[in-house]
Number of protein chains: 2
Amino acid sequence: MLPFMKTPLSLTLINGAPNQIITPADRGLAYGDGLFETIKLHNGSPCLLEFHQERLYQGLARLKFSDQAIKAVQESLNVSVSQLVSFANEHALPAAVMKWVVTRGVGLRGYNPEGADQPSVIASVAPYHPMKERNINGVSVFVCDTPLARNPFLSGLKHLNRLEQVLARAEWQSTEYAEGLMLDTEGHVVEGTMSNLFWVKGGEVFTPDLTYCGIEGTLRRFIIQTLNAQGQSVHIVSEGLNAIKDADEVFVCNSLIGIWPVTQMMGCHWDVGPTTLEIQKRLDEAEV
Amino acid sequence: MLPFMKTPLSLTLINGAPNQIITPADRGLAYGDGLFETIKLHNGSPCLLEFHQERLYQGLARLKFSDQAIKAVQESLNVSVSQLVSFANEHALPAAVMKWVVTRGVGLRGYNPEGADQPSVIASVAPYHPMKERNINGVSVFVCDTPLARNPFLSGLKHLNRLEQVLARAEWQSTEYAEGLMLDTEGHVVEGTMSNLFWVKGGEVFTPDLTYCGIEGTLRRFIIQTLNAQGQSVHIVSEGLNAIKDADEVFVCNSLIGIWPVTQMMGCHWDVGPTTLEIQKRLDEAEV
């Protein structure tokens, strides 16, 4: 049985076709040499599609994929996305998630990417079950011991080297916690294991600087742009946990979950605050 | 065509059998959630086999693979290694390389490894073409801009998150350079892109500390043990490039290439020195 074949409610395309395979020699598997995106489908259409595309193609360029390889990825994804969206609509999926994984494909033995110019493009769609009560009532967050290493050559990218997140997420299994915050090796709060972080203090909105580590989330970008457009600046800062403990409101976000207000962390308690509610309202209006 | 199937001189086994596949949902591909080993076959038998096994199994425990999963990996590898060694011998490969890739297998969506307890074990063998002239005459090394991030939770492990090495190796294509040195984000020399580093100064032997980053190479371990056994200590240090420039002898090593004396780096020149030759001789005698 091919476990990634079409199952009743999900579909995976590799380089545009179903029933294709990934070889063990693929550099995505060997080295995590690639990027991924996770896109929400809402009412049958992908949310923030251009943001996901931009992040992906800019990221591939940062990983030194050739222009020709990036063009091939674009063409492959354009075809696959249409098919996956049609599939979701044909199966009347009320909410769905699309995932893209792009690797450098197969090359010669060793780290040198020279000659590996036929990327692998894996695009899939599957049902998604939103947890609306978390958006409404908020969540408790764990604080992880596993730190994020600082490397400006990789920061911001949604790349396939995610062992730090795996180890951090393995630190708790209690359903009490919906997410875990991660600090970098110098003690700055950076993000959640799968989300970006914002907080509000004295009416001002803050989010961690991602120059040295962290993923530049598409919803983070949308929130910053939306606030800027209404004349509200977002402060990009490097702060320790105390800044969060001292905040008036805290929330985590990603393109799939939306905004989860944080109501508990390390003995601190917060209400779901007015700024958080206002931003949630803007996202609902924009249907992202 | 299945590109990873048996070709005339190579063989890949997945979970002990040929013609198996890796699914796109494998956490090795999704997150680099796993480890690998590269083992030299010399005169038909694997070199430093116990060192590779120890590093792998200890590494899996650090990645929180369950005892049961580690046991399954051991059993699978024991069977595969016998088959691969037989294959190499049947095909009279004069020199060969065996590679093991162990991933956490398929789990639920997301970083949480809970429930992913059926590891994927990919073991392969292929011909290897040693470059003896590099062992004898030495090599020039490049100094890479791409830094190694510091994270003690991952240091030492030969894990599948290797984008730093890929980006570093992409910095040069000239055949003038056989290897590139990498510094950490604080300017300490750590290792080559695919090798460990040693140097000699005033008769004393030095190698970088790997507490914060770098791979604990099996040949590095063997060299340290061998020198210790003959009463020579190896100094494990955190130093900048100047310590290398100021050295009397420099070499890089890994289990596949053996020892490559470094004869040129950034305008510095070295002869192949007596300590390097002595260590090479010990390795030859031990057939590693």
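Because the structure is a prediction, the values reported are computed rather than measured.

A. How the structure looks around the overall build of chain A. Within chain A, the secondary structure is distributed over 8 helices and 14 strands. Over its C-alpha trace chain A gives a radius of gyration of 19 Å, about what one expects of a compact globule, namely 19 Å for 288 residues. Along the three orthogonal principal directions, the C-alpha set of chain A runs to about 55 × 45 × 40 Å. By residue count, 59% of the 288 residues in chain A fall in the buried class. Here the contacts in chain A between residues at least 6 apart in sequence split such that 72% fall between residues at least 24 apart. On chain A, roughly 11900 Å² of surface is accessible, and the fraction owed to carbon and sulfur atoms is 50%. Counting 22 positive and 31 negative side-chain charges, chain A places the centres of these two groups 4 Å from one another.

B. Spotlight on the pattern of salt bridges. Within the structure shown, the criterion is met by 20 salt bridges over all chains. A network of salt bridges, in which partner residues are shared, links A:R27, A:D33 and A:R104.

C. Region of interest: the relation of the copies chain B and chain A. Once chain B is rotated about the relating axis by 180° and shifted along it by 0.0 Å, it coincides with chain A to within an RMSD of 0.0 Å. Look at the turn and shift together and you get a two-fold axis relating the two.

D. Local environment of empty space enclosed by the protein. A complete count under the given rule lists 3 cavities of 30 Å³ or more for this structure. Taken as a whole, the largest cavity encloses approximately 430 Å³ of empty space. The wall of the largest cavity is formed by 34 residues, among which A:A149, A:E164, B:A149, B:L154 and B:E164 lie closest to the centre. For the lining of the largest cavity, the elements supplying multiple residues, two or more each, are α5 (163–169) of chain A together with α5 (163–169) of chain B. For the lining of the largest cavity, the per-class residue count stands at 15 nonpolar, 14 polar and 5 charged. In this structure, the second largest cavity spans a volume of roughly 80 Å³.

E. Region of the structure containing the side chain of A:D184. Residue and element names in this part refer to chain A. The residue D184 is located in the loop between β7 (177–183) and β8 (189–192) in this model. For D184, a relative accessible area of 5% translates into the label buried. Polar side-chain contacts of D184 include one of 2.8 Å to the side chain of R150. Polar contacts involving the side chain of D184 include one to the main-chain amide nitrogen of E186, which spans 2.8 Å.

F. Layout of helix α8 (residues 274–286) of chain B. All names here are of chain B. For α8, which comprises 13 residues, the first-to-last C-alpha distance of 19 Å matches the rise-based estimate of 18 Å (1.5 Å per residue) to within 8%. Within α8, burial applies to T276, I279, Q280 and L283. Buried residues of α8, viewed axially, fall in a sector of 105°; they line one side. Turned more than 90 degrees from where α8 packs its buried face, P274 and E285 sit exposed. Buried positions along α8 lie against α4 (132–137), α6 (218–229), β12 (249–254) and β13 (258–265). One or two residues past the end of α8 sits E287, with phi positive at roughly 55°.

Scoring rules and cut-offs
Residues numbered from 1 in each chain as written. Chains lettered and ligands numbered in written order. Predicted model: local features only at pLDDT ≥ 70, side-chain atom pairs only at ≥ 80, totals over all residues. Heavy atoms only, no water. Helix = DSSP H or I, 4+ residues; strand = E, 2+ residues; numbered from the N terminus. Rg over C-alpha atoms; globule rule 2.2 N^0.38 Å. Buried < 20%, exposed > 50% of the residue type's maximum accessible area, 1.4 Å probe, protein only. Contact = heavy atoms within 4.5 Å. Areas by Shrake-Rupley, 256 points an atom, 1.4 Å probe, with all protein chains shown as cover. Lys, Arg positive; Asp, Glu negative; His and termini not counted. Charge placed at Lys NZ, Arg CZ, Asp CG, Glu CD. Salt bridge = Lys/Arg side-chain N within 4 Å of Asp/Glu carboxyl O. Least-squares fit on C-alpha atoms with pLDDT ≥ 70 in both. 1 Å grid on protein atoms, 1.4 Å probe; cavity = no way out; pocket = protein on both sides within 12 Å on 5 of 7 lines; lining within 4 Å. Points joined across faces, edges and corners; volume = space filled by probe spheres on them. Nonpolar A, V, L, I, M, F, W, Y, C, P; charged D, E, K, R; others polar. Polar contact = N/O pair within 3.5 Å; in protein donor to acceptor, adjacent residues only side chain to side chain. Expected span 1.5 Å × (residues − 1). Arc of directions from axis to C-beta.

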